[in-house]
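The residues making up each chain are set out below.
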Amino acid sequence: MTSVPNIAVTAYAQELLSQTTDPWYQSLDIAHSKVQAALSPGAFGHGVPGLHNMSTNDILVLLGLTALGFMAVYIAVNVLLRYLNEGKVKFATRYNGRMI
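Since we're looking at a predicted model, the values are computed, not measured.

Digging into the overall build of the protein chain
Thinking step 1. Secondary structure summary: the protein chain contains three helices and two strands in total.
Thinking step 2. Going from N to C terminus, the protein chain has its helices and strands arranged as α-α-α-β-β.
Thinking step 3. Buried residues in the protein chain amount to 2% of all 100 residues.
Thinking step 4. Total accessible area on the protein chain stands at roughly 9500 Å², and carbon and sulfur atoms take up 68% of it.

Concerning a nonpolar patch on the surface
Thinking step 1. The grouping of Val 73, Val 77, Leu 80, Leu 81, Tyr 83 and Leu 84 at the surface amounts to a nonpolar patch, some 600 Å² of accessible area in total.
Thinking step 2. If you trace the backbone, Leu 84 turns up in helix H3 (residues 56–85).
Thinking step 3. Of the residues examined, Leu 84 reaches a relative accessible area of 42% and is grouped as partly exposed.

A look at the confidence of the model for the protein chain
Thinking step 1. Predicted confidence across the protein chain gives a mean pLDDT of 75, with 56% of residues reaching 70 or more.
Thinking step 2. The spread of mean pLDDT over the elements of the protein chain runs between strand S2 (residues 98–99), the lowest at 60, and H3, the highest at 92.

What counts as what
- Residues numbered from 1 in each chain as written.
- Predicted model: local features only at pLDDT ≥ 70, side-chain atom pairs only at ≥ 80, totals over all residues.
- Heavy atoms only, no water.
- Helix = DSSP H or I, 4+ residues; strand = E, 2+ residues; numbered from the N terminus.
- Buried < 20%, exposed > 50% of the residue type's maximum accessible area, 1.4 Å probe, protein only.
- Areas by Shrake-Rupley, 256 points an atom, 1.4 Å probe, with all protein chains shown as cover.
- Patch = residues over 30% accessible without salt bridge, like charges linked within 9 Å, V, L, I, M, F, W, Y side chains within 5 Å.
- Salt bridge = Lys/Arg side-chain N within 4 Å of Asp/Glu carboxyl O.
- pLDDT = per-residue confidence, 0-100.

Okay, here's the thing in structure tokens:
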């Protein structure tokens, strides 16, 4: 009976030892530590959002400027397409089934 707990402890120790030497486990551990470092307060670099230091008004101003930029691009493309198609496309109308 006393050998059963010793076998379980030995198996658990061997599993822990194999996890620390297994390359997959090491790469997973490195990735986990990188994620924890990126999510820590005050982290900076690629992939870390910088919105936590901004106030609500700053974020609203950025969203408003982005919307204005998209509207300006839409209007510019619309005007440019109208200018390019002016005179090239003739609109056909139907009157009593005939094209005029």
